[in-house]
Amino acid sequence: MEKYPVLEVDLKKLRKNTKIVTNICAENGISVAGIIKGFGGIIEGAYEMAEGGCAQIGSSRIEQLKALKDKNIKTPLLLVRIPMACEIEEVVRYSDICLVSEKETLVMLDEEARRQNKKYKAVLMYDLGDLREGVFTREELVNLAMFTEYELQNIELEGVGSNLSCYGSVAPTIKNLTELSEAAAQIEKQLGRKLNIVSGGGTTTLPLLMRGGVPEKINHLRIGEGIANTQDLPLYWDTYIEGLDADTFVLKAQIIEINEKPTHPIGELMVNAFGEHAHYDDRGIRKRAIVALGNQDLGDSSKLVPKDKLIKVLGASSDHTILDIHDSKEHYKLGDIVEFNVLYQAMLFTSLSDFVSKKIIN
Ligand SMILES: *Cc1c(COP(=O)(O)O)cnc(C)c1O
């Protein structure tokens, strides 16, 4: 018997999406690192991204890159979270290139690369206002670049990059990416050579690219969500890319109760399972279903999109997700399967949950 909940990964769709995104980027002189952390680093998915034209495969977690290195993947591996001191040995062993923002980290990487008799590549991060990682001024960035180029024997300065719209919700714009371009140009001038990578962000730079606003000097993006999870771009960024398939990851869950109940809880209202004061609309008595899936698997049930558009997700506790099926044309019964698209957070959580089976569709 099939086990539920199950997260189905359609490899053909993932490859097609990768090709569409890497082609659009290539037309703009941009190479793509395919980022696999959003789907738990599923190895088959990483291979599709590599086959689909990604120049590197990247993750924030060295464990996910190690799994690929152990399989002897040919594509260079990029660590996108600036490294911890405790993982330097593994970083140098299992990846080829990483993002860095601290001089001390560069020194540790250099020493470790020497120990492993390796050349290791670094992309220096410049904070353009999102206030996550990166040095904060152009002067610091230039100094760090000179230090890497001239003081470190086993680290190759591969380029510079920036990260946007992660912590500070700052959108990539012509203005902030022009600052990155100009900083890169200044470094190249001082070095007397070109940088291989000027990395202008992740999926959230795609909307600007589609509108033609990414400065020419930007030649690299790090994209996971925009390939694996394509409903986020139209939903949050008002950006439509033709041909992208929203069904690369589909979550299926089984109905464990069907009932007609009031929509407003009965009794004195306190807080829900997660200590929140929730709001409940009184919509009278409605038909609803419970599926065996919860925020323990998902993070947050509001990041589920039922494929049956007439179903509404009412909410979830750790192990139960409650659906309003009153308006649906389907006649759901106990034991039936309900299908969902997953937004980024739900894709991330379900792909990592031991309680959600994974099914790879070739
Ligand atoms: C996660 C991450 C990315 C990729 O983000 P997506 O939204 O999946 O495209 C790029 N760069 C860094 C530094 C990241 O941490």
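The structure under discussion appears in the preceding block.
Residue numbers restart at each chain and count upward from 1, following the sequence in its written direction. At least 70 in pLDDT is required for a residue's local features to be given in this predicted model, at least 80 for side-chain atom pairs to be given and counted, and no such filter applies to totals for whole chains, interfaces and linings, which use all residues. Excluded from the side-chain calculation are hydrogens and water; included are all heavy atoms of the structure.

1. Observations regarding the overall build of the protein
Basically, it comes down to this: Here a helix means four or more residues in a row that DSSP labels H or I, a strand means two or more in a row labelled E, and each is numbered from the N terminus. Two things to know: the radius of gyration comes from C-alpha atoms, and the globule rule equals 2.2 Å times the number of residues to the power 0.38. Here's how the labels work: a residue is buried when its accessible area is under 20% of the maximum for its type, exposed when over 50%, partly exposed in between, all with a 1.4 Å probe on protein chains only. Any two residues whose heavy atoms approach within 4.5 Å are treated as being in contact. The protein chains shown are the only cover counted for residues, whose accessible areas, like all others here, come from Shrake-Rupley with a 1.4 Å probe. When charges are counted, Lys and Arg contribute as positive and Asp and Glu as negative, whereas His and the chain ends are disregarded. To locate a charge, the coordinates of NZ of Lys, CZ of Arg, CG of Asp or CD of Glu are taken.
The helix and strand inventory of the protein stands at 12 helices and 16 strands. Against the 2.2 N^0.38 benchmark of 21 Å for 362 residues, the protein shows a C-alpha radius of gyration of 23 Å, consistent with a compact globule. The dimensions of the protein, computed from C-alpha atoms along their principal axes, are 70 × 40 × 40 Å. Classification of the 362 residues of the protein by burial places 51% in the buried group. Taking all contacts inside the protein whose residues are at least 6 apart in sequence as the whole, residues at least 24 apart take part in 66%. With an accessible surface of roughly 17,200 Å², the protein has 50% of that area assigned to carbon and sulfur atoms. Taken together, the 43 basic and 53 acidic charged side chains of the protein have centroids lying 4 Å from each other.

2. Points about the nonpolar core
Put simply, the rule reads: The set of buried Ala, Val, Leu, Ile, Met, Phe, Trp, Tyr and Cys residues whose side-chain atoms join them within 4.5 Å is what this entry labels a nonpolar core.
Phe 249 and Phe 340 are the most contacted members of the largest nonpolar core, which has 90 residues in total. Apart from the residues within four sequence positions on either side, Phe 249 is in contact with Leu 7, Glu 8, Val 9, Leu 14, Phe 39, Ile 42, Ala 228, Phe 340, Asn 341, Val 342 and Met 347. Residues Leu 78, Leu 99, Met 125 and Ile 197 belong to the second largest nonpolar core, which totals 9 residues.

3. Focus on the packing of helix α5 (residues 103-115) against helix α6 (residues 138-151)
Definition in use: Interaxial angle, 0 to 180 degrees, is taken between N-to-C directions of lines fitted to C-alpha atoms, where a helix line uses only the stretch in contact. Oblique is the label for any angle not under 35 degrees, not over 145, and not in the 65 to 115 range, which are roughly parallel, roughly antiparallel and roughly perpendicular in turn. A clockwise turn of the near helix away from the far one marks a right-handed crossing, whereas an anticlockwise turn of less than a right angle marks a left-handed crossing. Residues are sorted three ways: Asp, Glu, Lys and Arg are charged, Ala, Val, Leu, Ile, Met, Phe, Trp, Tyr, Cys and Pro are nonpolar, and all the rest, Gly among them, are polar.
It is at 11 Å that the axes of α5 and α6 come closest, and there the two elements cross at 15°. As the angle between them shows, α5 and α6 are arranged roughly parallel. Regarding α5 and α6, the two cross each other, and that crossing is right-handed. In this structure, α5 contributes Lys 103, Leu 106 and Val 107 to the contact, and α6 contributes Leu 144, Phe 147 and Thr 148. Of the residues assigned to the contact of α5 with α6, the class counts are 4 nonpolar, 1 polar and 1 charged.

4. Some words on a nonpolar patch on the surface
For clarity, the cut-off: To count toward a patch, a residue needs a relative accessible area over 30% and no salt bridge; like charges are then connected within 9 Å, while nonpolar side chains (Val, Leu, Ile, Met, Phe, Trp, Tyr) are connected within 5 Å. Just to be clear on terms, a salt bridge is a Lys or Arg side-chain nitrogen sitting within 4 Å of an Asp or Glu carboxyl oxygen.
On the surface, a cluster of nonpolar side chains totalling about 380 Å² of accessible area is made up of Leu 131, Phe 136 and Tyr 167. Relative to the helices and strands, Tyr 167 is located in the loop between β7 (155-161) and α7 (174-191).

5. Topic: the side chain of Glu 133
Put simply, the rule is: Nitrogen and oxygen atoms within 3.5 Å of one another constitute a polar contact, given that in protein one can donate a hydrogen and the other can accept it, and given that sequence-neighbouring residues count only through two side-chain atoms.
One can find Glu 133 in the loop between β6 (120-125) and α6. Look at Glu 133 and you get buried, because its relative accessible area is 11%. Engagement of the side chain of Glu 133 in a polar contact is seen with the side chain of Arg 132, the distance being 2.8 Å. Setting aside its immediate chain neighbours within four residues, Glu 133 contacts Val 80, Ile 82, Met 125, Asp 127 and Asn 163.

6. Observations regarding the site of the ligand
Applicable threshold: Any residue with a heavy atom lying within 4 Å of a molecule or strand is counted as near it.
In the neighbourhood of the ligand, 13 residues make up the surrounding shell, with Lys 37, Thr 203, Arg 222, Gly 224 and Glu 225 lying closest. Arg 132 places a side-chain nitrogen or oxygen 3.2 Å from an oxygen atom of the ligand. In isolation the ligand has 390 Å² of accessible area, and contact with the protein removes 91% of it.

Geometric descriptors of this kind do not, in isolation, establish any biological role.
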